[in-house]
Amino acid sequence: LLLLLLLLLLACTEAHLPHPKAYSTGGQSLRRLVRSRFHARASPETTTDTGFPVLNRIAGREYRGQMSYADGSLEKAPFTLKGSTKCTIDGNCIRLKSSVTFPNGKTRVVAMAGSVTESSGPFQLDPESEAGPIHLVMTELPPSTVLLHEIEKASGRVVLAGSMSINSDASEIVQISHEIGEDGQMRGAQIWRFCPAVQPNNS
C-alpha cells in the first residue's frame, strides 16, 4: 500500500506531478532506530510470529483506489490517479506490492519486503529491486493506524511522512502523506482512498 507513494516519486516526471526536490533531515535517526530490529529479507532461522495487528486486517486482499493531490499551497490538482496495493504476511515477513497508473497511461509496479525480528517498534521494508532508491519505515498504532516515513537510501533523508487509517470492517483505507521540503515546509499532499477489489459475500 505504502509503495504507491514511492511509485509517485519514481515517475512524477512522466505524470507531470510536482516533484519533492528537497527533504527533511530525520531519516538518519530513524535508520539507526530500526537497524537492530529489522532485516531486509526473511531469514530461514527467524520463525517468530510478530503479529502485525493492524496490517493483518488488510493482509491477503487486493485493494484498489484513487489518489487526489494538492500542492504546498493546498491547490488541488486537476487529475486523480488510480492504483492498487496488496499486503502479504507470512509469519514475521511482510511483502507489499503496489501499482499506480499515471495520466499518460503508464503503469508502474513496485514490491518491497522485509522480516521483523522484534515484536514492537518501527520496522523497515526495502525494495526487492536493488535499484530502488527509497525504503519505508513503518510503525503500527493498533487497532487501525500505521505511521510511515519514506526515506531516501543514499542520504537517509525523509521524503514523505504520512499515516494510513483502516475503518472498522477493513472496507476502506485512507492514506494521507505529505512531501516535506528542505526548509521543513509541506511541498505537496497525497490522499488515497482504497476499497477491496473483491467485496466479501455477505449473503
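Model, not experiment: these values are computed from the prediction.

(A) Highlighting the overall build of the chain. Scanning the chain from N- to C-terminus turns up two helices and eleven strands. From first element to last, N terminus to C terminus, the chain shows the α and β order α-α-β-β-β-β-β-β-β-β-β-β-β. Put simply, the chain has 203 residues, and 46% of those count as buried. Long-range pairs, those at least 24 residues apart, make up 55% of the contacts in the chain with a sequence separation of at least 6. Total accessible area computed for the chain in this model is approximately 9900 Å², and 50% of it derives from carbon and sulfur atoms.

(B) Looking closely at the nonpolar core. Judged by nonpolar contacts, the single largest core of 29 residues is most densely connected at Leu55, Ile94 and Met138. Counting residues in hydrophobic clusters, the runner-up holds five residues, among them Ile151, Val158, Ala161 and Ile180.

(C) The arrangement of the packing of aromatic side chains in detail. Within the structure shown, the criterion is met by two aromatic pairs. Taking 5.7 Å as the distance between ring centres and 65° as the angle between the ring planes, the aromatic pair formed by Phe52 and Phe123 counts as edge-to-face. Within this pair, whereas Phe52 is found in the loop between β1 (38-39) and β2 (62-71), its partner Phe123 is found in strand β6 (residues 123-127), the two being separated by 71 residues in sequence. For Phe52, a relative accessible area of 3% corresponds to the buried category. On the accessibility criterion, Phe123 (3% relative accessible area) is buried. Residues Trp192 and Phe194 carry aromatic rings whose centres are separated by 5.2 Å and whose planes lie at 10° to one another, so their mutual orientation is stacked. Each member of the pair, Trp192 as well as Phe194, carries the same accessibility label: buried.

(D) Main features of the confidence of the model for the chain. Considering every residue of the chain, the mean pLDDT works out to 79; 72% of them sit at 70 or more. Within the model, the stretch residues 9-49 combines pLDDT values under 50 with 97 contacts to residues more than four positions away or in other chains.

What counts and what doesn't
- Residues numbered from 1 in each chain as written.
- Predicted model: local features only at pLDDT ≥ 70, side-chain atom pairs only at ≥ 80, totals over all residues.
- Heavy atoms only, no water.
- Helix = DSSP H or I, 4+ residues; strand = E, 2+ residues; numbered from the N terminus.
- Buried < 20%, exposed > 50% of the residue type's maximum accessible area, 1.4 Å probe, protein only.
- Contact = heavy atoms within 4.5 Å.
- Areas by Shrake-Rupley, 256 points an atom, 1.4 Å probe, with all protein chains shown as cover.
- Core = buried A, V, L, I, M, F, W, Y, C linked by side-chain atoms within 4.5 Å.
- Phe/Tyr/Trp six-rings, centres within 6.5 Å; stacked < 30°, edge-to-face > 60°.
- pLDDT = per-residue confidence, 0-100.

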